[in-house]
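These are the residues of each chain, in order.
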Amino acid sequence: MKLILLGAPGAGKGTQATKLSQKLSIPHISTGDIFRNNIKNSTELGKKAKEYIDKGMLVPDELTISIVKDRLMQDDCKNGFILDGFPRTIPQAEYLEKALNEMGTDIDHVVNVSVADEEIIKRMSGRRVCTNCGATFHTVFNPTKKDGICDNCNASVIQRDDDKEETVISRLKTYHEQTEPLIGFYSKRGKLLTVIGREEIEETSKAVIKVLGV
Ligand code: ADP
Ligand code: ADP
Ligand code: ZN
């Protein structure tokens, strides 16, 4: 199955994508994770991306599209994939549609995780991520068993730089301006499924599984 998870920053895309990826045995592709790995390893791509990410802006389409292109060509994507955080602009969506059509395929479904802005702010400000394995937790909604320590790998968990309050506001604005129009784009194509993401993580998972019929 070829899926896109759409939604505001902090809506719970990554949390749901991780679960679905295990359930469906298809790769979870997060452009945010790819950028963060590049930043950690101080690559050229990482240096360029960081300038935008720190300001709560989107990384330019050209750069983002080229990393997704490389990733989708890898063997493990043959039987499907879950895109988390891509596309985020209309040109990215148009690129993806064209690239998949050229390969004789298309996206099956787009799941829009819809969460109100007030809730988004609570989710992003409490988000903690593992410095080693990238697992995501929340200080209140999904706390680690031991304070500050990842449940999976025992490394330390931290707040992402771009989850600080000032950046969260600009990321939400960027979302409304540039990413929200994708709801109309995919709805016109008959691909949109909406899940109201205000419930707890487990309840939201059930709702995602239900709309997908998996
Ligand atoms: P979140 O999980 O909060 O939605 P991500 O981890 O997906 O955040 O992305 C972090 C940052 O990486 C974004 O704020 C943006 O700067 C950059 N980014 C990620 N995906 C894209 C994309 N498809 N296009 C442009 N920039 C992106
Ligand atoms: P996204 O990938 O859309 O940016 P994440 O999956 O990283 O979002 O989730 C953002 C934060 O909110 C994380 O700290 C996560 O643990 C928490 N979270 C995710 N889904 C829910 C939910 N349904 N209810 C409460 N908190 C959630
Ligand atoms: Zn970890």
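Structure first, text after, so check above.
Quick notes on the rules
- Residues numbered from 1 in each chain as written.
- Chains lettered and ligands numbered in written order.
- Predicted model: local features only at pLDDT ≥ 70, side-chain atom pairs only at ≥ 80, totals over all residues.
- Heavy atoms only, no water.
- Near = heavy atom within 4 Å.
- Polar contact = N/O pair within 3.5 Å; in protein donor to acceptor, adjacent residues only side chain to side chain.
- Areas by Shrake-Rupley, 256 points an atom, 1.4 Å probe, with all protein chains shown as cover.
- Nonpolar A, V, L, I, M, F, W, Y, C, P; charged D, E, K, R; others polar.
- Donors = N, O, S within 2.8 Å, 3.2 Å for Na, K, Ca; no water.
- Tetrahedral: all angles 85-135°; square planar, octahedral: opposite > 155°, others 65-115°.
- Helix = DSSP H or I, 4+ residues; strand = E, 2+ residues; numbered from the N terminus.
- Buried < 20%, exposed > 50% of the residue type's maximum accessible area, 1.4 Å probe, protein only.
- Phe/Tyr/Trp six-rings, centres within 6.5 Å; stacked < 30°, edge-to-face > 60°.
- Lys NZ or Arg CZ within 6 Å of the ring centre and 35° of its normal.
- Expected span 1.5 Å × (residues − 1).
- Contact = heavy atoms within 4.5 Å.

J.: Please clarify how the site of ligand 1 should be interpreted in this entry.
T.: Close contacts around ligand 1 come from 20 residues, with Thr31, Met57, Gly85, Arg88 and Arg171 the closest. A distance of 2.8 Å is found between a nitrogen atom of ligand 1 and a side-chain nitrogen or oxygen belonging to Thr31. Contacts to ligand 1 include Arg171, whose side-chain N or O atom sits 2.5 Å from an oxygen atom. Out of a free accessible area of 560 Å², ligand 1 has 95% covered by protein chains. In terms of residue class, the shell around ligand 1 is made up of seven nonpolar, six polar and seven charged.

J.: Sorry if this is basic, but what is going on with the coordination of the zinc ion (ligand 3) here?
T.: Reference geometry at the metal: tetrahedral coordination by four donors gives ideal angles of 109.5 degrees; octahedral coordination by six donors gives 90 or 180 degrees. Looking at the zinc ion (ligand 3), one finds its protein donor set to be Cys130 (SG), Cys133 (SG), Cys150 (SG) and Cys153 (SG), positioned 2.3 to 2.4 Å from the metal centre. Around the zinc ion (ligand 3), the four donor atoms sit at angles spanning 98 to 119°, and that spread fits a shape best called tetrahedral. Spacing between the donor residues of the zinc ion (ligand 3) along the chain follows C-x2-C-x16-C-x2-C. With a gap of 17 residues between them, Cys133 in the loop between strand E5 (127-130) and strand E6 (136-138) and Cys150 in the loop between E6 and strand E7 (157-158) connect regions that are remote in the sequence. A residue is classified by how much of its surface remains accessible, and Cys150, at 1% relative accessible area, is buried.

J.: When you look at the environment of Asp33 in this model, what are you seeing that I'm missing?
T.: Summarising the element assignment, Asp33 is placed in helix H2 (residues 31-40). Considering only alpha carbons, one finds Asp33 and Asp84, 51 residues apart in sequence, at a separation of 9.4 Å. A polar contact is formed between the side chain of Asp33 and the side chain of Arg36, at a distance of 2.9 Å.

J.: I'm lost on the packing of aromatic side chains in this one. Help?
T.: Describing an aromatic ring pair means giving the distance of the ring centres and the angle of the ring planes. Overall, the coordinates contain one aromatic pair when judged by the stated rule. Taking the centre distance of 4.9 Å and the plane angle of 80° together, the rings of Phe185 and Tyr186 count as edge-to-face. As far as burial versus exposure is concerned, Phe185 and Tyr186 are alike and both buried. Over the face of the ring belonging to Phe185 we find Arg189, whose NZ or CZ atom lies 3.6 Å from the ring centre.

J.: How do you make sense of helix H4 (residues 61-72) when you look at a structure like this?
T.: The α-helix advances 3.6 residues per turn, and as a result positions three or four apart in sequence lie on the same side. In this model H4 runs 16 Å from its N-terminal to its C-terminal C-alpha over 12 residues, within 8% of the 16 Å that 1.5 Å per residue would give. The set of residues buried in H4 consists of Leu63, Thr64, Ile65, Ile67, Val68, Arg71 and Leu72. On its buried side, H4 packs onto strand E2 (28-30), H2, helix H3 (44-53), strand E3 (81-84) and helix H5 (90-102).

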